[in-house]
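These are the residues of each chain, in order.
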Amino acid sequence: MTLVKVYVTYKKSILDPQGEAIKKAVHGMGHTIIQNVRMGKYFELTVSDNAQNIDAEINEVCDQLLANPNMESYRYEVMEENK
Amino acid sequence: MTLVKVYVTYKKSILDPQGEAIKKAVHGMGHTIIQNVRMGKYFELTVSDNAQNIDAEINEVCDQLLANPNMESYRYEVMEENK
Amino acid sequence: MRFAVIVFPGSNCDKDLYYAVKDGINADVKMVDYRENSLEGFDAILIPGGFSYGDYLRSGAIAAHAPIINEIKRVANLDVPILGICNGFQILTEIGLLPGCLMKNQQNKFICEDVELSVENNQTVFTSDYNYRQILKIPVAHGEGNYYCDESTLNELNKNNQIVFKYCSNINGSVENIAGISNKKGNVLGMMPHPERALEEIVGSDDGLKMFQSILKSHMDRVNL
Amino acid sequence: MTEPTAEVIRETKLYKAWGLSEQEYKIITDKVLNRLPNYTETGLFSVMWSEHCSYKNSKNVLRKLPNKSKRVLAGPGEDAGILDIGDGQAIVFKAESHNHPSAVEPYQGAATGVGGIIRDIFSMGATPIALLNSLKFGELDGEHTKYLAEEIVAGIGGYGNCIGIPTVGGEIAFQERYSNNPLVNAMCVGVINHSDVKYGKASGDGNLIVYVGAKTGRDGIHGATFASDEFADDKETQRSAVQVGDPFMEKLLMDACIELVHEHSEWIMGIQDMGAAGLVSSTAEMASKAGSGLIIELDEVPQRETEMSPYEIMLSESQERMVLCIHPEFKNDVLDFFTDKLLDAVIIGKVTDDRQYKIYHHKKLVCDIPVSGLVDDSPEYKHTGSRPKRLDISDKQFEPNVEDLKSVWLSILKQPTVSSKEYFYNTYDSQIKANTIVKSGSDSAVVRIRNTNKAIALTNDGNSRFVYVDPYIGGQLTVIEAASNIVASGATPIGITDCLNYGNPEKSEIFWEFEQSVEGIASVCEKFDIPVISGNVSLYNEYNDKAIFPSPMIGMTGLLEDSSKATTQGFKDAGDLIYLIGETCDDYNGSEIQQMQINKVEGRLNKLDLDVISKRYQKVLSFIDKGLIKSCHDVSEGGLAVALSEAAFEKKLGFKINLNMTTKQLFSETPARFLVSVSKDDRDKFEDAVGDEGKQIGFVANDDFMDIQTVDSEVKINLNEALSSWKEAIPCLMKTE
Ligand SMILES: Nc1ncnc2c1ncn2[C@@H]1O[C@H](COP(=O)(O)OP(=O)(O)O)[C@@H](O)[C@H]1O
Ligand SMILES: [Mg+2]
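Residues numbered from 1 in each chain as written. Chains lettered and ligands numbered in written order. Predicted model: local features only at pLDDT ≥ 70, side-chain atom pairs only at ≥ 80, totals over all residues. Heavy atoms only, no water.

**Student:** Is there a simple way to explain the interface of chain B and chain A in this structure?
**Tutor:** Often, the extent of an interface is quoted as the loss of accessible area upon association of its parts. Across the boundary between the two partners, chain B contributes 35 residues, which contact 34 residues of chain A. Approximately 3200 Å² of surface area, both sides summed, lies buried where chain B meets chain A, with 65% of it carried by carbon and sulfur atoms. Inspection of the chain B/chain A interface yields zero salt bridges. Inspection of the chain B/chain A interface yields 14 residue pairs in polar contact (both at pLDDT 80 or more). Those elements that place two or more of their residues in the side of chain B that touches chain A are β1 (2-10), α1 (17-28), β2 (34-47) and α2 (54-66) of chain B. Broken down by element, the residue count for the side of chain B that touches chain A peaks at 14 residues, all from β2(B). Within the side of chain B that touches chain A, the residues separate by chemical class into 20 nonpolar, eight polar and seven charged. Direction of pairing for strand β2 (residues 34-47) of chain A relative to β2(B): antiparallel, over a ladder of 13 bridges. Considered in β2(B), the bridge of A:E44 is made with B:R38. (Contact = heavy atoms within 4.5 Å. Buried area = accessible area lost by both parts, 1.4 Å probe. Salt bridge = Lys/Arg side-chain N within 4 Å of Asp/Glu carboxyl O. Polar contact = N/O pair within 3.5 Å; in protein donor to acceptor, adjacent residues only side chain to side chain. Helix = DSSP H or I, 4+ residues; strand = E, 2+ residues; numbered from the N terminus. Nonpolar A, V, L, I, M, F, W, Y, C, P; charged D, E, K, R; others polar. Pairing = 2+ DSSP bridges.)

Take a look at the structure:
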């Protein structure tokens, strides 16, 4: 099994209301060393071992489904799953 | 500035309805090499440079706010932000 | 005139739209399953609100891959009126028939209340029965209705008169108070408020009725040409 | 892990950790089975005989509640009760508590509570039309309470909004006793044609058992016993009992089940949801109702996790699952039907005629118990109550301090229990389905029945402060409060569902509160002919040995034959005359003003005259029916001062009143009074009809002032100042610092 980790985040220019709310809460808890919070999504995709063209497929899934290119960008890592 | 990346995922035994729905959609799109999908959260925390005890504070924020210990687990990485 | 209401798994305002057409303007209406691949013979397409696929991942994201979508895109090109309400609006942006996107409400919460809307463009097939800048009372109910687009898109929207409805006060963080926009040609409209819930005084307002009447009238005008 | 043998279970008394007492274990070995139960069987008995499933501590008390009337088609015992509303239609409703899960995991606990109660409604074949909820939290001064409130409300909205059923009403109260044990009670109402009603029955030798919906995981195992246990700081391990809700899956299930009942009724014998105690409880009850036996093949049960034991599969409380009993000749039709709806359905067993409950796992028989042993043979306990000492107090009424009327008035509007709950309920979709005539913000919600003239009025009520200071009269008052709300909207009360939330019934004082308050409730139900057709008991609501206030919640429904007559609480037009119906006495014990001024509640309550109240309800209903009144608001928490303010807020209309009562009486909570407004043109007609019972106290003004004169003071309060006190109180408290 291969594990693919995908990270989707809002583009820099976009206000992230959840991140803002969390930042406020974090400050409320006294953790003022945290100056900014951005919230995104994280996916773990399990890919079958004999799969070919993993990159092409993953990019397609990200472009078309996991991220909305109007507001989000993504990156991913392919790793061997250690059983 | 230091960047801390936090990953929050459901514990293995917890139902992940979003991951299930995404998996079905991915299969519908023909990407059957993807056998399973789990969805989690991803946070980027910007921490001030002169901060001490980063680990202690991050752990506290994760335990109390970013992750729900009843059903989620988390891990994080501390990295120098490349400006 | 024949309306189609598209039903995705999880759509939950589909029946409300169905009744809006059937009882509101006494027109012919049919529920169309997301697996269908023809919209032949329909004169208007309605994409309902509600949580298609639970709104898991992102509102409208999964519905955007349903079989019916290609057909919706095809008839959009043929100038068939397409109205997406709430989740329907979200789906229309996801499939690129409308620009921009709908983000989480600024206050980070679902909001349900009657809001005041201003009709910014009454020259569309959907709004011809309203007056310009008429104020309507129509309910909203959404968690992700915060309309966002980049600046150049916004300029385009303004230049082409694509902003059809604005909130009188900003309820969710939308740029320029945008509550509904159309495509450039004007045959595709997406809006967050729910006109189908405002058809009778007894439920609080009948300001939504004219929207369905406009669609019907525009159709009749076209047919009679 | 190998399971302990039957002998080991007996020797180590493992069953005790699962909540079975030694005595109960002995009944199982000596009377029900005449042998030792194995591991799986012991587990099944422990959940089926828990309070949550068997009502062993409460049955005896619940029998006091009347459950019959001309309208009752089905009462307690079914997933939900059914009431005839004429024209071949009926409403189906029930309320359910999800207190313990919500304390542990507030968002999911509340969400799955809503999901569970919705399944109870559509499993009868009914289409859900409305949701309500009753919430009790600690005071909004601690971060933990704010967190619980925020998350619980988000969970309720998250589920209801997604599945598409309007949440139209409810109540929220705040009291320190609920800090670590919040109450989350949810109610669902559905409509159905008489001919479509389905019961949870598994009958007919050879009929098949179908499992449909989500896969089974290790979620919430022992949730039912967990709900029958107290909370304490040191019981952290209970935290494993968390289930995650999947409203999308439930939407698919709901639509499929309703369509199945409507279109293919001949395929199915019965439907039941899997709620507390999952597969075992649903299937055993279905068999019990039909007097049949069952065989279940666990290898067929869809599983999300690997290597689940029979015990785990049977007890799992994974959400969004249903069981059906179908005729074998329609097997493929049923399975194909669900596949088309994107749902997984499988045959997991069949009905037998030997009345035994048999389970196979990996081809081995792991359970063989008489169905009746599981369902009917659980012991019943008759506890004896003892009157709590705190009630030994004189019947003197508390004396409020109202020297500075304006400041007392504004303060009471700011009390969280009194102030506007909009901050919370605006996050619920209250209008979906486009049938909500009166949504949150008036006394009752009113939902019309599409394609008829009819509408249903709905409310959730329960003032636990009254029940705490005087359980019997307090119990009566919960019904009076609910009925007053229903009547104020113009509807005739027709039925009740309840959630009875108390502490540990094994403590005699708690049991006394439970019994007394239920007797109080029953007395009013009898008198007004309002049957209790469904409900739920939640006991052991304690934290570190301290119980919540006794908190019965009444979910009441009312019928309006003409939906256009639905009346709301707000004044409509300047110049209208304001009347108060019902005499105001000095009733301050257990009141909002007592709580506010001395930070506790105490003292006896005055006896109620149910005859007078009953007649008054009839009168008010006839005024509304004749169109004589333009607004109607019942006077409750905070007294007339609050009622007047709320009536003024709706359309921001001021008023001028001149009262023949003392200033402190503005805050008296004498029950079953109504504040109504009447057009000047109808003055004579109205006064004739109301007689001595109603007195004009003033008129609606066209300005921004609340102008008040009593026998001993006079004050003018800016309406906007009052409105913002009332409206901003909760948002302000909810801000995290
Ligand atoms: N949890 C809730 N969900 C929805 N609506 C609520 C909730 N709590 C209170 N409300 C609404 O707020 C209004 C005032 O509630 P309440 O003060 O309990 O009324 P009353 O005293 O007349 O019973 C009602 O319309 C009620 O339905
Ligand atoms: Mg009331």
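**Student:** Explain the UniProt feature "binding site: Mg(2+) 1" (unreviewed entry) in chain D here, please?
**Tutor:** Residues and elements named next belong to chain D. Per the UniProt record, "binding site: Mg(2+) 1" (unreviewed entry) is annotated on E96 and N536. What stands out for the annotated residues spanning 441 residues is how close their C-alpha atoms remain, the widest pair being 5.5 Å apart. Position of E96 among the secondary structure elements: in strand β3 (residues 89-97). By relative accessible area, which is 17% here, E96 ends up buried. Those residues in contact with E96, other than ones at most four positions away along the chain, are H52, I117, D120, V184, N185, A186, C499 and N536. Within polar-contact distance, the side chain of E96 engages the side chain of K94 at 2.9 Å. Locating N536 in the fold gives a position in strand β18 (residues 532-538). The buried category is assigned to N536, whose relative accessible area is 3%. Once residues lying within four places of it in the same chain are set aside, the contact partners of N536 are Y55, K94, A95, E96, S97, D498, C499 and L500. (UniProt positions renumbered as here; feature names shortened; annotations may be inferred. Buried < 20%, exposed > 50% of the residue type's maximum accessible area, 1.4 Å probe, protein only.)

**Student:** Explanation requested: the interface of chain B and chain D in the structure shown.
**Tutor:** If you look at the interface, chain B gives eight residues, while chain D gives 11 residues. At the boundary of chain B and chain D, one finds zero salt bridges. Linking chain B with chain D are four residue pairs in polar contact (both at pLDDT 80 or more). Here the residues of the side of chain B that touches chain D sort into five nonpolar, three polar and no charged.

**Student:** What exactly am I supposed to notice about the packing of helix α16 (residues 405-414) of chain D against helix α23 (residues 639-649) of chain D here?
**Tutor:** Two numbers describe a pair of packed helices, the interaxial angle and the distance between the axes. All names here are of chain D. Relative to each other, α16 and α23 sit at 70°, their axes nearing to 10 Å. For the element pair α16 / α23, the angle class is roughly perpendicular. Of the residues in α23, those touching α16 at W409, I412 and L413 are A641, V642, L644, S645 and F649. The residue inventory of the contact of α16 with α23, partitioned by class, reads seven nonpolar, one polar and no charged. (Axes fitted to C-alpha atoms, helices over the stretch in contact; angles between N-to-C directions. Parallel < 35°, antiparallel > 145°, perpendicular 65-115°, else oblique.)

**Student:** Would you explain the coordination of the magnesium ion (ligand 2) in this entry?
**Tutor:** Tetrahedral coordination by four donors sets the ideal angle at the metal to 109.5 degrees; octahedral coordination by six donors sets it to 90 or 180 degrees. Residue and element names in this part refer to chain D. Around the magnesium ion (ligand 2), the donor atoms from the protein are D443 (OD), N485 (OD1) and D634 (OD), and they sit 2.1 to 2.3 Å away. Here the donor residues of the magnesium ion (ligand 2) share one chain and are spaced in sequence as D-x41-N-x148-D. Within this pair, whereas D443 is found in the loop between β14 (436-438) and β15 (445-448), its partner D634 is found in strand β23 (residues 631-635), the two being separated by 191 residues in sequence. (Donors = N, O, S within 2.8 Å, 3.2 Å for Na, K, Ca; no water.)

**Student:** Sorry, what's going on with the pairing of strand β25 (residues 673-678) of chain D here?
**Tutor:** Put simply, side chains in a regular strand alternate between the two faces of the sheet. All names here are of chain D. Extensive coverage of β25 is indicated by the burial of six of its six residues. Because side chains alternate across β25, one face comprises the buried residues R673, L675 and S677, and the other comprises F674, V676 and V678, equally buried. Two strands pair when backbone bridges link them, and strand β22 (residues 577-581) and β25 are joined in this way by five bridges, in the antiparallel orientation. Within β25, the residue paired with I581 across the bridge is F674. Strand direction decides the pairing type here: β23 and β25, joined by five bridges, are antiparallel. Looking at the pairing, S631 lines up with S677 of β25.

**Student:** I would appreciate a short explanation of the state of the cysteines in the present structure.
**Tutor:** Note on terminology: disulfide describes a covalent bond linking the sulfur atoms of two cysteines. All names here are of chain C. Under the defined criterion, the tally for this structure stands at zero disulfides over all chains. Residue C13 stays outside any disulfide, its sulfur separated by 6.4 Å from that of C86, the closest cysteine. C101 takes part in no disulfide bond, and the closest cysteine sulfur to it belongs to C149, at a distance of 8.3 Å. Taking relative accessible area as the criterion, C101 reaches 1% and is therefore assigned buried. (Disulfide = S-S within 2.5 Å.)

**Student:** Sorry if this is basic, but what is going on with the UniProt feature "active site" (unreviewed entry) in chain C here?
**Tutor:** The positions UniProt marks with the feature "active site" (unreviewed entry) are C:C86, C:H194 and C:E196. The named residues occupy 111 residues along the chain; their greatest pairwise C-alpha distance, 11.0 Å, places them in one compact cluster. Here C:H194 shows up in the loop between β11 (188-191) and α5 (209-224). Under the relative-accessibility criterion, C:H194 is labelled buried at 1%. What C:H194 contacts, discounting residues up to four positions off in sequence, is C:C13, C:G49, C:I85, C:C86, C:I138, C:P139, C:V140 and C:A141. Locating C:E196 in the fold gives a position in the loop between β11 and α5. We classify C:E196 as buried; its relative accessible area is 2%. Among residues more than four places away in sequence, those in contact with C:E196 are C:C13, C:D16, C:L17, C:A20, C:I85, C:F212 and D:A434.

**Student:** Would you mind going over the UniProt feature "domain: PurM-like C-terminal" (unreviewed entry) in chain D with me for this structure?
**Tutor:** Look at the UniProt record and you will see "domain: PurM-like C-terminal" (unreviewed entry) annotated at residues 205-360 and 574-702 of chain D. As annotated, residues 574-702 of chain D has a helix share of 33% and a strand share of 22%, and its two end C-alpha atoms lie 5 Å apart.

**Student:** Please clarify how the site of ligand 1 should be interpreted in this entry.
**Tutor:** Residues and elements named next belong to chain D. The full set close to ligand 1 counts 17 residues, and N133, S440, G441, S442 and D461 are the nearest of them. One nitrogen or oxygen atom from the main chain of G170 is found 3.1 Å from an oxygen atom belonging to ligand 1. With respect to ligand 1, the side chain of S440 contributes an N or O atom lying 2.8 Å from a nitrogen atom. Isolated, ligand 1 exposes 550 Å² of accessible area, and the fraction of that covered by the protein chains is 90%. Of all elements in the fold, only β5 (167-174) and α19 (471-488) reach the threshold of two or more residues within the shell around ligand 1. Counting residues per element, the shell around ligand 1 draws most heavily on β5, at four residues. By residue class, the composition of the shell around ligand 1 is three nonpolar, eight polar and six charged. (Near = heavy atom within 4 Å. Areas by Shrake-Rupley, 256 points an atom, 1.4 Å probe, with all protein chains shown as cover.)

**Student:** Quick question: what am I supposed to make of the pattern of salt bridges here?
**Tutor:** Working definition: two side chains of opposite charge can pair if their charged atoms are close together. All names here are of chain D. Considering all chains together, one arrives at 65 salt bridges over all chains under this definition. The closest approach of N and O atoms between R304 and D219, which form a salt bridge, is 2.8 Å. You can see R304 sitting in the loop between β9 (293-297) and α13 (310-315) and its partner D219 sitting in the loop between β7 (208-213) and α10 (223-226), a full 85 residues away along the chain. Using a relative accessible area of 4% as the deciding quantity, one classes D219 as buried. Residues R616 and E693 are paired through a salt bridge, measuring 2.6 Å at the closest nitrogen-oxygen approach. Taken together, the positions of R616 in helix α22 (residues 610-625) and E693 in the loop between α24 (683-690) and β26 (694-701) put the pair 77 residues apart, joining distant regions of the chain. Here E693 falls in the partly exposed class, since its relative accessible area comes to 22%.

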